[in-house]
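A closer look at the structure
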Amino acid sequence: MTDKLIITSALTGAITIPTQTPHLPFTPEHLIADAIACGQAGAAAVHVHARDPVDGRPLSDPDLFEPILKGIKAASNVVTGVTTGGGMGMSPQDRLRVIPRYRPELASFNLGSINFSMHPVAKRYKPGDYKYDWEQSYVEGTKDFIFRNTFGDMETYSSTFAENNVRPEFEAYDLGHLYNLRFLVKNGLAKPPLWIQFVLGVLGGLAATIEDLIVMKQTADRLFGSENYKWSVIGVGYPAEINLAATAIMMGGHVRVGLEDNIFIGKGRYCTNAQLVEKIVRLAHEFDRDIATPEDMRQILGLKGAAAIGF
Ligand code: KMH
Ligand code: ZN
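Residues numbered from 1 in each chain as written. Chains lettered and ligands numbered in written order. Predicted model: local features only at pLDDT ≥ 70, side-chain atom pairs only at ≥ 80, totals over all residues. Heavy atoms only, no water.

With that settled, consider the packing of helix H8 (residues 210-224) against helix H9 (residues 240-251). One way to put it is that H8 packs onto H9 with a least axis distance of 10 Å and a crossing angle of 40 degrees. When the axes of H8 and H9 are compared, the pair comes out oblique. The two elements H8 and H9 meet at a crossing, and its hand is right-handed. Contact with H8, carried on its side by Ile210, Leu213, Ile214 and Lys217, involves Leu244, Thr247 and Met251 of H9 and no other residues of that element. A per-class count over the contact of H8 with H9 returns five nonpolar, one polar and one charged. (Axes fitted to C-alpha atoms, helices over the stretch in contact; angles between N-to-C directions. Helix = DSSP H or I, 4+ residues; strand = E, 2+ residues; numbered from the N terminus. Parallel < 35°, antiparallel > 145°, perpendicular 65-115°, else oblique. Left-handed = near helix turned anticlockwise from the far one by under 90°. Contact = heavy atoms within 4.5 Å. Nonpolar A, V, L, I, M, F, W, Y, C, P; charged D, E, K, R; others polar.)

So, on to the coordination of the zinc ion (ligand 2). For the zinc ion (ligand 2), the full set of protein donor atoms is His47 (NE2), His49 (NE2) and Glu260 (OE), at a range of 2.1 Å. Sequence positions of the residues that donate to the zinc ion (ligand 2) give the spacing H-x1-H-x210-E. In this pair, histidine 47 is assigned in strand E2 (residues 45-48) and glutamate 260 in the loop between strand E12 (254-257) and strand E13 (264-266), connecting sequence segments 213 residues apart. (Donors = N, O, S within 2.8 Å, 3.2 Å for Na, K, Ca; no water.)

A few words on the site of ligand 1. Near ligand 1 you find 14 residues, and of these His49, Thr83, Ser108, Asn110 and Glu260 are the closest. Considering only residue class, the shell around ligand 1 consists of five nonpolar, six polar and three charged. (Near = heavy atom within 4 Å.)

Now for the pairing of strand E10 (residues 194-200). Of all seven residues in E10, seven are buried; the element is thus mostly enclosed. Because side chains alternate across E10, one face comprises the buried residues Leu194, Ile196, Phe198 and Leu200, and the other comprises Trp195, Gln197 and Val199, equally buried. Examined bridge by bridge, strand E9 (residues 167-172) and E10 share three bridges and lie parallel to one another. Across the sheet, residue glutamate 171 finds its bridge partner in E10, namely glutamine 197. As paired strands, E10 and strand E11 (residues 229-235) are joined by seven bridges and run parallel to one another. Residue pairing across strands places tryptophan 195 opposite lysine 230, the latter belonging to E11. Between the parallel pair E10 and E11, the chain is carried across by H8, and the sense of this crossover is right-handed. (Buried < 20%, exposed > 50% of the residue type's maximum accessible area, 1.4 Å probe, protein only. Pairing = 2+ DSSP bridges. Right-handed = clockwise from strand over helix to strand, strands pointing away.)

As structure tokens, this is what we get:
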């Protein structure tokens, strides 16, 4: 039987810059309001990064997460997943500090190192176009940004997640990352059932195409056995996010959308996080796929529940 559809909203991330869309949330108030709206629209989970509340710069300071996580928890039952991917300029150790501090139900666990680049975005803007002074160098700097997730880092992440009873959301940007995950499983550093995000469309990884989604799914089936994992897809950019979401709905997978990965709901049409969730709910209804509530998601993935988190 096909699972109810788990929709995750990735509210802000560390790739999208405020200049790209007026809807990008980066103050705690805006992030909390978006999380509530996404939950009301049908998201079972939100994926949270922190930014400087004044200028939107991505930051890893665990203190910045506190008002966001507590504010969401106070107002919504959504599963709150925390990033350990962070953004450019943050070390793996910096990124991991949120785990012992907050012990969330779920957190991202990135499966390999890539040159995670968004530098072509800079071609769209002239220097005077940027809203904040950090944005241009940040975007251009990703040309040489190595998103570090070595086997040593993953070993540390694995033990820290386990010690704090945090469920990893494995982020795979390339086929090799699935082989890295198999290595982790074989060495007792990851335990099925696995929850995997196929992240497609990051420059430096696989493309946001149906072909690449299929090849990821087939490879994961072969490496882990389809009964040993659940998957969700992230299509980075527009229309990739919507197209791959529709494909995942049909294939029985799950979906992540949000301004972290895509800023448009239609050609040239900016949108809020909640509007993206609403669109996925409409698509799911067209395909007769029921929507998972946060409690459904907890049951489908066997999460520890909100009572066991550290915030
Ligand atoms: N921004 C996504 C492409 C993380 O936060 O750990 C990847 C991501 C990584 O969400
Ligand atoms: Zn993220």
